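Listed here are the chains, written in short residue letters.
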Amino acid sequence: MKNVLFILCLFCFYLCTAFTECLGAYPPLIRAHAFADVMRLEKGQYFVSIFLEIHNDDNRIPLIIESVTADSWRGTRKATVGENWFESPQPIVLMQNTKQKIVSRSFYVNKGFSANYWVRWLKFKIKTNRGVFESNYVGSPYSANISGK
């Protein structure tokens, strides 16, 4: 009797996990990690590099990245909404259990003597074949007189 009850419980557990997996109760195995590297060159001058790294932790399905946009704030004021950061002309295919840097931008911040230095906050939105995902917030120095490189 105990063996039959154990087998019945095991079968019910299997059905519940299979049913919730079919409905999509488990989140997709994708991580979006944004980070900034800030190097102080001298007083009032910084070199800022901003990166976005995507991790595809799924063992079965490759991930197709279609677009990357960013919303940014300077201080507490919203600066841009939906700025295109996707540099590739075609969608990027990220294979199973891999990670890749999708976005990489660098610029110099020249604070100078005026008080035009703010903190810039970025948050990326990544459109994929499995839906739209958001990254964490990343903070970096920003100035009105930046120069790209």
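This text follows the structure it describes.
About the cut-offs
Residues numbered from 1 in each chain as written. Predicted model: local features only at pLDDT ≥ 70, side-chain atom pairs only at ≥ 80, totals over all residues. Heavy atoms only, no water. Helix = DSSP H or I, 4+ residues; strand = E, 2+ residues; numbered from the N terminus. Buried < 20%, exposed > 50% of the residue type's maximum accessible area, 1.4 Å probe, protein only. Contact = heavy atoms within 4.5 Å. Salt bridge = Lys/Arg side-chain N within 4 Å of Asp/Glu carboxyl O. Pairing = 2+ DSSP bridges. Core = buried A, V, L, I, M, F, W, Y, C linked by side-chain atoms within 4.5 Å. Phe/Tyr/Trp six-rings, centres within 6.5 Å; stacked < 30°, edge-to-face > 60°. Lys NZ or Arg CZ within 6 Å of the ring centre and 35° of its normal.

Asker: Please explain the overall build of the chain as it appears in this structure.
Answerer: Secondary structure assignment for the chain yields 1 helix and 10 strands. Listing each helix as α and each strand as β along the chain from the N terminus yields α-β-β-β-β-β-β-β-β-β-β. The buried share of the chain, taken over its 149 residues, is 30%. Of the contacts formed within the chain by residues at least 6 apart in sequence, a portion of 65% connects residues at least 24 apart.

Asker: How should the environment of Val103 be read in this particular structure?
Answerer: When you line up the elements, Val103 lands in strand E6 (residues 98-110). For the pair Val103 and Glu53, spaced 50 residues apart in sequence, the C-alpha separation works out to 7.2 Å. Apart from residues lying up to four places away in sequence, Val103 is in contact with Ile50, Phe51, Leu52, Val68, Trp85 and Phe124.

Asker: Mind showing me how you'd approach the pattern of salt bridges here?
Answerer: It is possible for side chains of opposite charge to pair when their charged atoms get near one another. Scanning all chains against the criterion turns up 8 salt bridges. Glu83 is paired through a salt bridge with Arg120; the nearest N and O atoms lie 3.7 Å apart. Here the residue Glu83 occupies a position in strand E4 (residues 77-84), and Arg120 occupies one in strand E7 (residues 117-128), the gap between them amounting to 37 residues. Note that Glu134 is salt-bridged to Lys123, the shortest N-O span being 2.9 Å. Here Lys123 lies in strand E7 and Glu134 lies in strand E8 (residues 131-134), a separation of 11 residues in the sequence. Given a relative accessible area of 17%, Lys123 falls into the buried group.

Asker: It is not clear to me how the pairing of strand E1 (residues 30-42) should be interpreted in this structure. Could you clarify?
Answerer: On a regular strand, one side chain projects to one face of the sheet and the next to the other, so that they alternate. Here E1 pairs with strand E2 (residues 45-56) via 12 bridges, running antiparallel. What sits directly across from Asp37, in E2, is Ser49.

Asker: For this particular structure, what's the right way to read the nonpolar core?
Answerer: In this structure, Leu52, Ile54, Ile65, Val68 and Phe124 are the most contacted members of the largest nonpolar core, which totals 25 residues. Only E1, E2, strand E3 (63-74), strand E5 (92-94), E6 and E7 provide two or more residues apiece to this core. The element best represented in this core is E2, accounting for 5 residues. Apart from the residues within four sequence positions on either side, Phe124 is in contact with Ala34, Ile50, Phe51, Leu52, Val68, Thr69, Ala70, Trp85, Val103, Phe133, Glu134 and Ser135.

Asker: Would you mind showing me how to read the packing of aromatic side chains here?
Answerer: Geometry of an aromatic ring pair is reported as the spacing of the ring centres plus the angle between the planes. The full count for this structure, using the stated rule, is 4 aromatic pairs. With 5.2 Å between their ring centres and 35° between their planes, Phe35 and Phe51 make a pair best called tilted. Of this pair, Phe35 sits in strand E1 while Phe51 sits in strand E2, and the two are 16 residues apart along the sequence. Classification of Phe51 by relative accessible area gives buried; the value is 15%. On the basis of an interplanar angle of 55° and a centroid distance of 5.7 Å, the ring pair of Trp73 and Tyr137 is categorised as tilted. One end of the pair, Trp73, is in strand E3; the other, Tyr137, is in the loop between E8 and strand E9 (138-143), and 64 residues separate them in sequence. Tyr137 gets classed as partly exposed once you look at its relative accessible area, which sits at 47%. In this structure, Lys101 is placed above the aromatic ring of Phe51, and the distance from its NZ or CZ to the ring centre is 4.5 Å.

By themselves these figures say nothing about function.
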